[in-house]
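Working through the structure, step by step
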Amino acid sequence: MRFAGVLIAVVLSVGLVAGAMLVSSQRPRSDLAPPDASFVRATGKCAQCHRRETSSVVHQFERSPHAAHGVNCLDCHKPVEGQEEYDHRGFIIAKTLTAKNCAQCHATEYEQFLRSRHAAPAWAAVTGAEDFTEEQIAHAELYHPGAVKRDPNYLAMLEGPAAINKGCASCHEVGRPNADGSIGTCTACHSRHNASVAMAREPLTCGQCHMGPDHSQLEIFTESKHGVLFNGQKHEFNMSAHPKELTTADMPSPTCATCHMSGLEGMNVTHDTTERLSWFLFAAHSEKRANYTRGQDSMKAVCLKCHTKPQIETFYAEAEEVLHATNDRVAEATKIMKDLRSEGLLTPEDFDEPIEFLYFDYWHYWGRTAKHGAFMGGADFVQWHGNYELVKSLVELEEMAEEIRHAAKVKAGEEAGAAGEAGGGPALEPAGSAEAEGGEEAGP
């Protein structure tokens, strides 16, 4: 009996040890590895001060996936090549953090981002090419010809540096070139200390920039069935699911990121937001992208997670009908402007005459809105905020064009009359008068 008891104790002990080893093997490496000196100093000293001075960043970091994986403050804040160093209370840190700091661990995501219009083309849309190196321009032009090698935005220059700094730059700096040779900032979408995947999946995050009359994506999404489903059910979603493990069980209806970036059920994750696009919807006259077929097929593959193929094909066919109809309407407006210019009735400068603002609104606001509404399921934006405005504004453009022509004729007549008087000849009579018809009225 004594031997049996010992044997049972040994077996139980071995089992407990084996179980403990199995549990331990599943723990994060950061829980098992002894902390180095920098980790102890960073997590202690940094938090000690920042809990008093900027307590929010400490709480944000503590809830982040970085904290859960043992990343400390210095891992992100230490200077990397090309960055200006800063002595911060005994710690040497980078004066400014950029995408280059994130790329230390997320190199693939950064390379994908560089291929997107969120990178160099975003900043060049305001400032032109002047802030970029030749190498950066050449790289961006491979993927987006003409999007970076361009002049500064003339309308932005008219609005002035104050408007650019607090307006344009607030969104377009996602692609601003940095002094360390990198481009952009990841925190525009992920936030600084949360480093949150869930936040990047929130439509409101994209809506920081993708909203308003010239690109109403947030408003269109909110109106669409996708938006209604998301807003009604998001409390049931797993917004923090790992990008490479995301399923429709985690997110049974999509957000912007689901369609444009996610690795939903085995699809490739991408930080190139143009990868699944097929048309240049932002252009006055929309044309197919170079990767039209591949981009559309990639987006349709996401749609297939929820919809049948016939439904998807019908949706795209109807959206492209709206696009072509919008192109035709914009072509009419463009012809009005070209005719006025060819007749010498507009100055060479842009945005110095009222009709130029109306034409800009025509394609930049109403045309874009109709097309985006069609491809995102926003019926009201296809019609009332899109086609209704196109129909109404075309009438206004035509009327303004005739007024410009009439004013030009009147001015020409006045100048001719003035020239005749100055030369001693008879003044020209208005057309339709008795003298102009070749005789006087019969007298008594």
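This section reports on the structure supplied with the text.

Cut-off values and rules
Residues numbered from 1 in each chain as written. Predicted model: local features only at pLDDT ≥ 70, side-chain atom pairs only at ≥ 80, totals over all residues. Heavy atoms only, no water. Helix = DSSP H or I, 4+ residues; strand = E, 2+ residues; numbered from the N terminus. Buried < 20%, exposed > 50% of the residue type's maximum accessible area, 1.4 Å probe, protein only. Contact = heavy atoms within 4.5 Å. Areas by Shrake-Rupley, 256 points an atom, 1.4 Å probe, with all protein chains shown as cover. Disulfide = S-S within 2.5 Å. Expected span 1.5 Å × (residues − 1). Pairing = 2+ DSSP bridges. Phe/Tyr/Trp six-rings, centres within 6.5 Å; stacked < 30°, edge-to-face > 60°. Lys NZ or Arg CZ within 6 Å of the ring centre and 35° of its normal. Polar contact = N/O pair within 3.5 Å; in protein donor to acceptor, adjacent residues only side chain to side chain. Lys, Arg positive; Asp, Glu negative; His and termini not counted. Salt bridge = Lys/Arg side-chain N within 4 Å of Asp/Glu carboxyl O. Axes fitted to C-alpha atoms, helices over the stretch in contact; angles between N-to-C directions. Parallel < 35°, antiparallel > 145°, perpendicular 65-115°, else oblique. Left-handed = near helix turned anticlockwise from the far one by under 90°. Nonpolar A, V, L, I, M, F, W, Y, C, P; charged D, E, K, R; others polar.

**Concerning the overall build of the chain**
Check the secondary structure of the chain and you find 22 helices and two strands. Looking at the 444 residues of the chain, the share that counts as buried comes to 36%. Considering only contacts in the chain between residues 6 or more positions apart, those separated by 24 or more positions represent 56%. Put simply, the chain shows about 26100 Å² of open surface, and 58% of that area lies on carbon and sulfur atoms.

**Digging into the state of the cysteines**
Tallying each qualifying case throughout the model produces one disulfide. The residue that forms a disulfide with Cys171 is Cys209, at a sulfur-sulfur distance of 2.5 Å. The disulfide joining Cys171 to Cys209 has a torsion of about -105° about its S-S bond and is therefore left-handed. Here the residue Cys171 occupies a position in helix H12 (residues 161–172), and Cys209 occupies one in the loop between helix H15 (203–206) and helix H16 (217–223), the gap between them amounting to 38 residues. Judged by its relative accessible area of 24%, Cys171 is partly exposed. Here Cys76 stays unpaired: no disulfide links it, and the sulfur of Cys102, its closest cysteine neighbor, is 6.9 Å away. With no disulfide of its own, Cys303 has Cys259 as its nearest cysteine by sulfur position, at a separation of 6.3 Å.

**Some remarks on helix H20 (residues 309–342)**
Here H20 contains 34 residues, and its C-alpha end-to-end distance of 48 Å stays within 8% of the 50 Å for a straight helix at 1.5 Å per residue. Just downstream of H20, Gly344 is the residue with a positive phi angle, here 70°.

**Regarding the pairing of strand S1 (residues 85–88)**
Moving residue by residue along a regular strand, the side chains alternate between the two faces of the sheet. Where S1 lies against strand S2 (residues 91–94), four bridges are found, and the strand directions are antiparallel. Note on S2: the bridge partner recorded for Glu85 is Ala94. With antiparallel pairing between neighbouring strands as the criterion, S1 and S2 make up a hairpin whose turn holds two residues, including Arg89 at a positive phi of roughly 55°.

**A closer look at the packing of aromatic side chains**
Under the defined criterion, the tally for this structure stands at 13 aromatic pairs. Between Phe351 and Phe360 the ring centres are 5.3 Å apart and the planes differ by 85°, which places this aromatic pair in the edge-to-face class. Just as Phe351 is buried, Phe360 falls in that class too. By the ring-pair criterion, three or more aromatic residues cluster together here, those being Phe351, Phe357, Phe360, Trp363, Tyr365 and Trp366. Above the plane of the ring of Tyr292 lies Lys288, whose end atom (NZ or CZ) is 4.3 Å from the centre. One residue, Lys300, lies across the ring of Tyr316, its end atom 5.1 Å from the ring centre.

**Quick look at the environment of Arg368**
The residue Arg368 is located in helix H21 (residues 354–376) in this model. When the C-alpha atoms of Arg368 and Asp214 are compared, they prove to be 6.5 Å apart, with 154 residues separating the residues in sequence. Discounting chain neighbours no more than four positions away, the residues touching Arg368 are Asp214, His215, Leu281, Phe282 and Trp363. Among the polar contacts listed, one links the side chain of Arg368 to the backbone oxygen of Phe282, at a separation of 2.8 Å.

**Focus on the side chain of Glu320**
In this structure, Glu320 sits in helix H20. The buried charged residue Glu320 lacks any salt bridge partner; its closest oppositely charged side chain belongs to Lys288, at an N-O distance of 6.3 Å. Only 2.9 Å separates the side chain of Glu320 from the side chain of Tyr292, close enough to count as a polar contact. Residues in contact with Glu320, not counting those within four places in the same chain, are Trp279, Tyr292, Gln296 and Phe375.

**Description of the environment of Glu349**
For Glu349, the location among the structural elements is in the loop between H20 and H21. Residues Glu349 and Tyr154, 195 residues apart in the sequence, show an inter-C-alpha distance of 9.9 Å. Each residue touching Glu349, except ones within four places of it in the same chain, is listed here: Tyr154, Arg341 and Glu356.

**What to know about the packing of helix H9 (residues 120–127) against H12**
Between H9 and H12, whose axes approach to 9 Å, the crossing angle comes to 160°. Classed by the angle they form, the pair H9 and H12 counts as roughly antiparallel. In this structure, H9 crosses over H12, and the sense of that crossing is right-handed. On H12, the residues that touch Ala122, Trp123, Ala125 and Val126 of H9 are Ile164, Cys168, Ala169 and His172. Here the contact of H9 with H12 is composed, by residue class, of seven nonpolar, one polar and no charged.

**Concerning the side chain of Asp272**
Examined against the element boundaries, Asp272 turns out to sit in the loop between helix H18 (256–260) and helix H19 (292–303). Nearest to the buried, unbridged Asp272 among oppositely charged side chains is Arg115, at 4.2 Å. Only 2.4 Å separates the side chain of Asp272 from the side chain of Thr274, close enough to count as a polar contact. Every residue in contact with Asp272, bar those within four places of it in the chain, is listed here: Gln112, Arg115, Ser116 and His260.

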